[in-house]
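Chain and residue survey
These are the residues of each chain, in order.
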Amino acid sequence: EPSDVFRYRKPEEGRPVPDADKKEDNMAENMILCSFLGICSCYDCKKRTIPGWLLYTGILLGLIYAAMLLILGQYSWSAILTGVLPGTFMLLLCHITEGKLGSADGMMVIPIGLMHQWQRCTAEVIGACLLTFFLAAVLIINRKGNRNTQIPFAPFLCTAVVLVWIIELCAGIGVDN
């Protein structure tokens, strides 16, 4: 029954009316996040480093977004704290691997967690890791790389965010629901 697609329908008993403005909110949120990740990707591909000011700007945008939703009553403190867990975990992995995983990678994930919640953020990070793995496998199979070949992570993270966004739009499947 495709009744959820209609904007102005009478609510059934015990069933919430879909929020028509939520898609527009998600669109703005995703556009801002994809712009940030796109700029990070350009730096990561070209210079193999992402400037600190850009990463801190992304984190600030994520904090502002989360604070606005907290004030509006759409977020809780626990959502904010769990939202930063995937990025914090990646920063921890950076220290454990002694820099094999860049700290910028973890710092890029923090605004994603703040804007997309931990479930969707985790799905996007796993997607980015899988995309990176497939490229690494192709490089190794074709003898163009080895286990020490450095691959920029930002483009794969941006691609994963876009893919999850497309899946949500086309299939109507919410990763964080």
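Structural data are supplied above this passage.
Calculation notes
- Residues numbered from 1 in each chain as written.
- Predicted model: local features only at pLDDT ≥ 70, side-chain atom pairs only at ≥ 80, totals over all residues.
- Heavy atoms only, no water.
- Helix = DSSP H or I, 4+ residues; strand = E, 2+ residues; numbered from the N terminus.
- Contact = heavy atoms within 4.5 Å.
- Areas by Shrake-Rupley, 256 points an atom, 1.4 Å probe, with all protein chains shown as cover.
- Axes fitted to C-alpha atoms, helices over the stretch in contact; angles between N-to-C directions.
- Parallel < 35°, antiparallel > 145°, perpendicular 65-115°, else oblique.
- Left-handed = near helix turned anticlockwise from the far one by under 90°.
- Nonpolar A, V, L, I, M, F, W, Y, C, P; charged D, E, K, R; others polar.
- Expected span 1.5 Å × (residues − 1).
- Buried < 20%, exposed > 50% of the residue type's maximum accessible area, 1.4 Å probe, protein only.
- Arc of directions from axis to C-beta.
- Salt bridge = Lys/Arg side-chain N within 4 Å of Asp/Glu carboxyl O.
- Disulfide = S-S within 2.5 Å.
- Core = buried A, V, L, I, M, F, W, Y, C linked by side-chain atoms within 4.5 Å.

Secondary structure summary: the protein chain contains six helices and zero strands in total. Ordering the α and β elements of the protein chain from the N terminus gives α-α-α-α-α-α. Long-range pairs, those at least 24 residues apart, make up 62% of the contacts in the protein chain between residues at least 6 apart in sequence. For the protein chain, the accessible surface area stands at approximately 11,200 Å², while carbon and sulfur atoms represent 67% of it.

For the rest of this paragraph, the subject is the packing of helix 5 (residues 103-141) against helix 6 (residues 154-171). One can describe the packing of helix 5 onto helix 6 by two numbers: an axis separation of 7 Å at closest approach and a directional angle of 110°. As summarised for this structure, helix 5 and helix 6 are arranged roughly perpendicular, according to the angle between their axes. Crossing geometry of helix 5 relative to helix 6 is assigned as right-handed. Residues Met108, Val109, Ile112, His116, Arg120, Glu124, Val125, Gly127, Ala128, Leu131, Thr132 and Leu135 of helix 5 pack against Ala154, Phe156, Leu157, Thr159, Ala160, Val161, Leu163, Val164, Trp165 and Glu168 of helix 6. A class-by-class count of the residues in the contact of helix 5 with helix 6 yields 15 nonpolar, four polar and three charged.

Moving on, we get to helix 2 (residues 52-71). Because the α-helix completes a turn every 3.6 residues, residues three or four places apart line up on one side. When the terminal C-alpha atoms of helix 2 are compared, their 28 Å separation across 20 residues agrees well with the 28 Å that a helix rising 1.5 Å per residue should span. Within helix 2, burial applies to Leu54, Leu55, Gly58, Ile59, Gly62, Tyr65, Ala66 and Leu69. The buried residues of helix 2 all sit within an arc of 140° when viewed along its axis, so they share a single face. Away from its buried face, by an angle of more than 90 degrees, helix 2 presents the exposed residues Trp53, Tyr56 and Ile71. Phi turns positive, to about 80°, at Gly73, one or two residues after helix 2.

In this structure the tally under the stated criterion is two salt bridges. Notably, a salt bridge pairs Glu124 with Arg120, separated by 3.0 Å at the nearest N-O pair. A residue pair is termed a helical-turn pair when its members lie 3 or 4 positions apart in one helix, as Glu124 and Arg120 do in helix 5 at four residues. On the basis of relative accessible area, Glu124 is assigned to the buried category, the value being 0%. Ionic pairing is found between Arg120 and Glu168, a salt bridge with its closest N-O pair at 2.8 Å.

Summed over all chains, the structure comprises zero disulfides. Cysteine Cys34 is unpaired, with the sulfur of Cys158 as its nearest cysteine sulfur at 5.2 Å.

The biggest cluster of nonpolar side chains holds 34 residues, and the ones touching the most others in it are Leu37, Cys40, Ile50, Met108 and Leu157. Residue assignment for this core shows that the elements contributing at least two residues are helix 1 (20-47), helix 2, helix 5 and helix 6. Looking at this core, the element that brings in the most residues is helix 5, giving 11 residues. Beyond its immediate stretch of four places on either side in the chain, Leu37 contacts Met108, Ile112, Leu157, Cys158 and Val161.

What follows covers the environment of Cys94. Mapped onto the fold, Cys94 is located in helix 4 (residues 85-96). Here the alpha-carbon distance between Cys94 and Asp105, two residues 11 residues apart in the chain, equals 8.6 Å. Setting aside residues up to four positions removed in sequence, Cys94 forms contacts with Gly99, Leu101, Gly102 and Ser103.

As a packed pair, helix 4 and helix 5 sit with axes 6 Å apart at the nearest point and diverge in direction by 145°. Where helix 4 crosses over helix 5, the two elements pack in a sense that is right-handed. For the pair helix 4 and helix 5, the contacting residues are Pro86, Gly87, Thr88, Met90, Leu91 and Cys94 in the first and Ser103, Asp105, Gly106, Met107, Val109, Ile110, Trp118, Cys121, Thr122 and Val125 in the second. Grouping the amino acids of the contact of helix 4 with helix 5 by side-chain chemistry returns 10 nonpolar, five polar and one charged.

What is shown is where atoms sit, not what they do.
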